[in-house]
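Read off the chains here:
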Amino acid sequence: MSKPTPLSGFPELLPAQRAVEQQVIDTLRHTFELHGFAGIETRAVEPLDQLLRKGDTSKEVYLLRRLQEESVEGHAGIGLHFDLTVPFARYVLENAGKLDFPFRRYQIQKAWRGERPQEGRFREFTQADIDIVGRDTLAFHHDVEVTRVMVDALTRLDFLPGFRLQVNNRKLIQGFYAGLGIRTGDGGTDEVMRLVDKLDKLPVDKVRDLLLQEAGLSVENADRVLELATIRSDDDGFVAAVRALGVEHELLDEGLAELAELVRGCADLVTDRVRVTADLSIARGLDYYTGTVFETRLDGYESMGSICSGGRYDALASDGRTTYPGVGISLGVSRVVVPLLARTGLSASRSVPSAVLVAVVDEGSRATSSAVAADLRRRDIPCEVAPDAAKFGKQIRYAERRGIPFVWFVQPTDDGGVTHQVKDIRSGQQVDADPAAWTPPEADLRPTIVSTVEHEENQ
RNA sequence: GUGGGUAUAGCUCAGCUGGUAGAGCGCCGCCUUGUGGUGGCGGAUGUCGCGGGUUCGAGUCCCGUUACUCACCCCA
């Protein structure tokens, strides 16, 4: 059989790279739990009518089909989920009677989309979602809360480049448009938002043309819409800038107040590396968002698009009697990690968890070496025993290849006992050690992330 | 979906107008009979993506095909 080739869009990592991704996932999980979010996992598949519910036919859904499928449709009527929000909405409805509201959960899972792969865009990828969902109502301070949780998480991912969270509020946009007299419904304001959303790709004049021709705006309104979209600030200064445009509407006031509260509510967490910016061009396409919207750019990778996005949806789910509003944000783990592994030297300090390799003198004494390993593991020191009793030079090389920092030597003595020594193969230093007491330095206990990100930032 | 590029050793690649397959790195062994890395010497490895065609002869030229890849489109 010839050598298998990679499948486009289905990334697989080598152990050292996977260690980086694992570190990201562990950090996210840890942070989410620190903020009191409970973990859940939903099945990989949903019924097709659930997946296509939002009219999201643009999503390329992978269908499930048995090899011996005989139905007329030719498939089982279920498909792999393309995000974690749709399954979560279904899960909330299904378990509404058993959940306590407001319900806060995190979910870190694979999702699948059939779209053509590109850098940062895959057919199989991992997402990390947090959402807070209420029954009938959900206070706005939860919008601030999920933002703060994600800022906290991104801050803790300190081996990655910086992030800029861009926040906006759909009430603000819609109120502004309504104040201008742009008709709502029939995709009127949605169309304008969709076009404004292209500002990061098309020049302003081009977008203006589109606003005039495709959305049918007056010249004056198009200019106002564009003026709004160019407003951005790292504090609540955007409020005055919007007011200066002279548009009045109740919904606009509400949106301004919410967005200002959000930006002020995150101010104490903002650093040079993780910023929060009010960016009034952010609209998030034709989605189900009704208030707060987020996008996030990774410094140095702006062209890749948003790596972490979400927002407020007043009707995440509804069973006809009860409506469940929510606010959530989703981080593209694969989108962040895979391009960084490819484009920078980002990797782990070793390809195995082992901090120690216990050498083997000869096969007859393997049990002695295994006993040393057991002693170390009793104190949570990851270690392994050499695979064969090769020359010590080869056993050291075995450790070196894998990045294992310490080799443990058990030497028989003339009186029938043994001596124990541990060697730091980076320095060459070798010292007597007690298997029941010796501990490596804290920094060597687990693989660490080796980051060359500074170099990347200088470009 | 549209258009371009690429496919040769484990990896990165060279191979001109057709003449039986190469380099660097890595790997293995020895120098080094129980402690690696640097150095020296030696060694192994290929359906040249796949199928067809032209030719005395194809990695090289032609046609087809598959995969990968980049851009566009679309979208998180």
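All figures in this text were calculated on a predicted structure; none of them were measured in a lab.

1. Digging into the overall build of chain A
Move 1: When helices and strands are tallied, chain A shows 15 helices and 18 strands.
Move 2: Taking all 459 residues of chain A together, 49% fall into the buried category.
Move 3: Within chain A, contacts between residues separated by at least 24 positions form 69% of all contacts whose residues are at least 6 apart in sequence.
Move 4: Only carbon and sulfur atoms are counted for the fraction: they give 48% of the accessible area of chain A, which is about 22200 Å².
Move 5: Counting 55 positive and 71 negative side-chain charges, chain A places the averaged centre of each group 4 Å from the other.

2. A few points about empty space enclosed by the protein
Move 1: Following the criterion strictly, the structure yields two cavities of 30 Å³ or more and no others.
Move 2: Taken as a whole, the largest cavity spans an internal volume of roughly 40 Å³.
Move 3: The wall of the largest cavity is formed by Ile 173, Tyr 177, Met 193, Val 196, Val 225, Leu 228, Ala 229, Leu 280, Ser 281, Ile 282 and Ala 283.
Move 4: Looking at the lining of the largest cavity, the elements that each hand over two or more residues are helix H5 (170-180), helix H6 (188-196) and helix H8 (219-229).
Move 5: Top contributing element to the lining of the largest cavity by residue count: H8, with three residues.
Move 6: Roughly 30 Å³ of internal volume is contained in the second largest cavity.

3. Describing the pairing of strand S5 (residues 124-133)
Move 1: Of all 10 residues making up S5, nine are buried, and the element is well covered by its neighbours.
Move 2: Pairing geometry for strand S4 (residues 103-112) and S5, over 10 bridges, is antiparallel. Within S5, the position partnered with Tyr 106 by the bridge is Ile 130.
Move 3: Across seven bridges, the pairing between S5 and strand S11 (residues 323-332) is antiparallel. Bridge pairing in S11 places Ile 132 opposite Val 327.

4. Considering the side chain of Thr 85
Move 1: Inspection of the secondary structure puts Thr 85 in helix H3 (residues 85-94).
Move 2: Classification of Thr 85 by relative accessible area gives buried; the value is 14%.

5. Description of the sheet that holds strand S14 (residues 383-385)
Move 1: Strands sit in the order S14-S13-S15-S16-S17 across an open sheet of five strands; the sheet is mixed. Strand pairing shows two members of the sheet lacking a second neighbour, S14 and strand S17 (430-432), which therefore form its edges. Ignoring which end each strand starts from, the neighbouring axes of this sheet average 25° apart.
Move 2: Bridge analysis of strand S13 (residues 356-358) against strand S15 (residues 406-412) gives three bridges, and the strand direction is parallel. Looking across to S15, one finds that Val 358 is bridged to Trp 408.
Move 3: The sheet strands contacting helix H12 (residues 366-378) are S13, S14, S15 and strand S16 (418-424), and the helix crosses S14 at an angle near 175°.
Move 4: The sheet contacts of helix H13 (residues 392-402) involve S13, S14, S15 and S16, and relative to S15 the element is tilted by about 155°.

6. Some details on the packing of H5 against helix H10 (residues 250-266)
Move 1: Viewed as axis vectors pointing N to C, H5 and H10 meet at an angle of 155°, and their least axial separation amounts to 7 Å. Here H10 runs roughly antiparallel to H5, going by the angle between their axes. In terms of crossing hand, the pair formed by H5 and H10 is left-handed. Each of Lys 171, Leu 172, Gln 174, Gly 175 and Phe 176 in H5 lies in contact with H10, whose residues at this interface are Leu 251, Leu 252, Glu 254, Gly 255, Leu 256, Glu 258 and Leu 259.
Move 2: A per-class count over the contact of H5 with H10 returns six nonpolar, three polar and three charged.

7. A closer look at the layout of surface pockets
Move 1: Looking at the second largest pocket, its volume works out to about 280 Å³.
Move 2: A total of six residues in the lining of the second largest pocket trace back to one element, the largest contributor, which is helix H1 (residues 15-34).
Move 3: Broken down by class, the residue content of the lining of the second largest pocket amounts to seven nonpolar, three polar and four charged.

8. Digging into the sheet that holds strand S10 (residues 308-318)
Move 1: The mixed open sheet is built from nine strands, whose spatial order is S1-S4-S5-S11-S10-S9-S6-S8-S7. This sheet does not close on itself; its edge strands, each paired only once, are strand S1 (38-39) and strand S7 (232-233).
Move 2: Sitting on the sheet, H5 is in contact with strand S6 (163-169) and strand S9 (292-298), with an inclination near 45° to S6.
Move 3: Its contacts with the sheet put H10 on S6, strand S8 (274-279) and S9, and the angle it makes with S6 is roughly 155°.

9. Regarding the protein's contact with RNA strand B
Move 1: Around RNA strand B, a shell composed of 36 residues is seen, among which Arg 284, Arg 335, Val 361, Ala 390 and Ile 425 lie nearest.
Move 2: Taken together, the sugar and phosphate atoms account for 44% of what RNA strand B places within 4 Å of the protein.
Move 3: With respect to RNA strand B, the backbone of Gly 393 contributes an N or O atom lying 3.3 Å from a sugar or linking oxygen.
Move 4: The contact in question runs from a base nitrogen of RNA strand B to an N or O atom on the backbone of Arg 426, over 3.3 Å.
Move 5: In terms of residue class, the surface near RNA strand B is made up of 10 nonpolar, 11 polar and 15 charged.

The rules behind the values
Residues numbered from 1 in each chain as written. Chains lettered and ligands numbered in written order. Predicted model: local features only at pLDDT ≥ 70, side-chain atom pairs only at ≥ 80, totals over all residues. Heavy atoms only, no water. Helix = DSSP H or I, 4+ residues; strand = E, 2+ residues; numbered from the N terminus. Buried < 20%, exposed > 50% of the residue type's maximum accessible area, 1.4 Å probe, protein only. Contact = heavy atoms within 4.5 Å. Areas by Shrake-Rupley, 256 points an atom, 1.4 Å probe, with all protein chains shown as cover. Lys, Arg positive; Asp, Glu negative; His and termini not counted. Charge placed at Lys NZ, Arg CZ, Asp CG, Glu CD. 1 Å grid on protein atoms, 1.4 Å probe; cavity = no way out; pocket = protein on both sides within 12 Å on 5 of 7 lines; lining within 4 Å. Points joined across faces, edges and corners; volume = space filled by probe spheres on them. Pairing = 2+ DSSP bridges. Axes fitted to C-alpha atoms, helices over the stretch in contact; angles between N-to-C directions. Parallel < 35°, antiparallel > 145°, perpendicular 65-115°, else oblique. Left-handed = near helix turned anticlockwise from the far one by under 90°. Nonpolar A, V, L, I, M, F, W, Y, C, P; charged D, E, K, R; others polar. Near = heavy atom within 4 Å. Polar contact = N/O pair within 3.5 Å; in protein donor to acceptor, adjacent residues only side chain to side chain.

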